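# An overview of the molecular structure
Chain by chain, the residues:
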Amino acid sequence: MEKLIVLGTGNAQAIHCYNTCFAMKKGEEYFLVDAGGGNGILSALDQASIPLEHIHHIFVTHAHNDHILGMVWMIRMIGTAMNKGTYKGNLNIYCHKELEDTIKTLTRLTVGKKFHKYFDDRMLFHIVKHKDQKEILGDLFTFFDIESTKEKQFGFSLQMEQGIKLAFPGDEPYHESLFPFIEGSDWLLHEAFCLYRDRDIFKPYEKHHSTVKDACQLAQQLNIPNLVLWHTEDKDIAHRQENYQKEGLAFYTGNLYVPQDQDILTF
């Protein structure tokens, strides 16, 4: 992968930014991770100048509405392009087994057959299991169960052709059992629900999330040089980046990124 395009940075209740999802670019192709909670994914892709015809790989982490509902719109729009003959090749969707049934059911309940008639024909579901490895766009992905206590969820580590390793443990705090997948990473993409100072306001621990301080202490402990924080609250989004950086850099000496929607990170 060459670039990471941040499509959304907010949590499920965010209204001042889109739900956390992102795309990684390699050549002219994109690998999309989650699709957020609605048709905002289409606007986010349009703003990022990412054409649907260049998205042939999508990974869906889990069934929470802020991650999965945008998939209905992706399937509808790509199905439309297939019908018009403007989408070449197949759409490959990677997810755990239960998610395949959920995505298909949501789609069949909400859009016409002409859009989802390509299921298992040109819209192919690739079921991932814990420790499964798959080569996608020339890079090696290792998928893993994050051991969520809420909803079954998978993350991945990515070994890029240029030797860079990236780890994405989903939208819950890192578990020690995931160390073999995270170890030696150059980049860690981690949720940070709120500032540690605001923990009594947003109650991150009750929601199985972490704070900026927690995530930064973790990255420091694991000696990870680049840390990206997202999946946050959005009550003071105008100052979110400044405030998160200030708290985080008190505990982390690496490169700390607190992106806004539509930011681009280059590896």
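Now for a description of the structure that goes with this document. Remember, predicted model here, so these are calculated numbers, not experimental data.

What follows is about the sheet that holds strand β2 (residues 21-26). Across the sheet, 7 strands lie side by side as β6-β5-β4-β3-β2-β1-β14; this open sheet has mixed pairing. Since the sheet does not close on itself, it has two edges, and those belong to β6 (123-127) and β14 (264-266), each with one partner. The mean inter-strand angle of the sheet, taken between neighbouring strand axes irrespective of direction, is 20°. As defined by bridge partners, β2 adjoins strand β3 (residues 29-33) across 5 bridges and the pair is classed as antiparallel.

Further remarks concern the sheet that holds strand β13 (residues 255-257). Strand order in the open sheet made by the 7 strands is β7-β8-β9-β10-β11-β12-β13, with mixed pairing throughout. Lying at the two open borders of the sheet, with one neighbouring strand each, are β7 (133-136) and β13. Put simply, the sheet's adjacent strands are angled 20° from each other on average, direction ignored. Relative to strand β9 (residues 154-159), strand β8 (residues 139-145) is paired through 6 bridges, and the arrangement is antiparallel. Each bridged residue has a counterpart across the sheet, and for L140 the counterpart in β9 is Q159. Sheet strands touched by helix α8 (residues 212-221): β11 (187-191), β12 (226-230) and β13. Its angle to β12, the strand with the most contacts, is close to 160°.

Turning next to the pairing of strand β4 (residues 55-59). Regular strands show a simple pattern: their side chains alternate between the two faces of the sheet. Within β4, 5 of the 5 residues are buried, which leaves it mostly tucked inside the rest of the structure. With 4 bridges connecting them, β3 and β4 associate as parallel partners. Counted as the bridge partner of L32 is I58 from β4. Following the backbone out of β3, through helix α1 (residues 40-47) and into the adjacent parallel β4, one traces a crossover that is right-handed. Pairing between β4 and strand β5 (residues 91-95): 3 bridges, direction parallel. Bridge pairing in β5 links H57 to N92.

Calculation criteria
Residues numbered from 1 in each chain as written. Predicted model: local features only at pLDDT ≥ 70, side-chain atom pairs only at ≥ 80, totals over all residues. Heavy atoms only, no water. Pairing = 2+ DSSP bridges. Helix = DSSP H or I, 4+ residues; strand = E, 2+ residues; numbered from the N terminus. Axes fitted to C-alpha atoms, helices over the stretch in contact; angles between N-to-C directions. Contact = heavy atoms within 4.5 Å. Buried < 20%, exposed > 50% of the residue type's maximum accessible area, 1.4 Å probe, protein only. Right-handed = clockwise from strand over helix to strand, strands pointing away.

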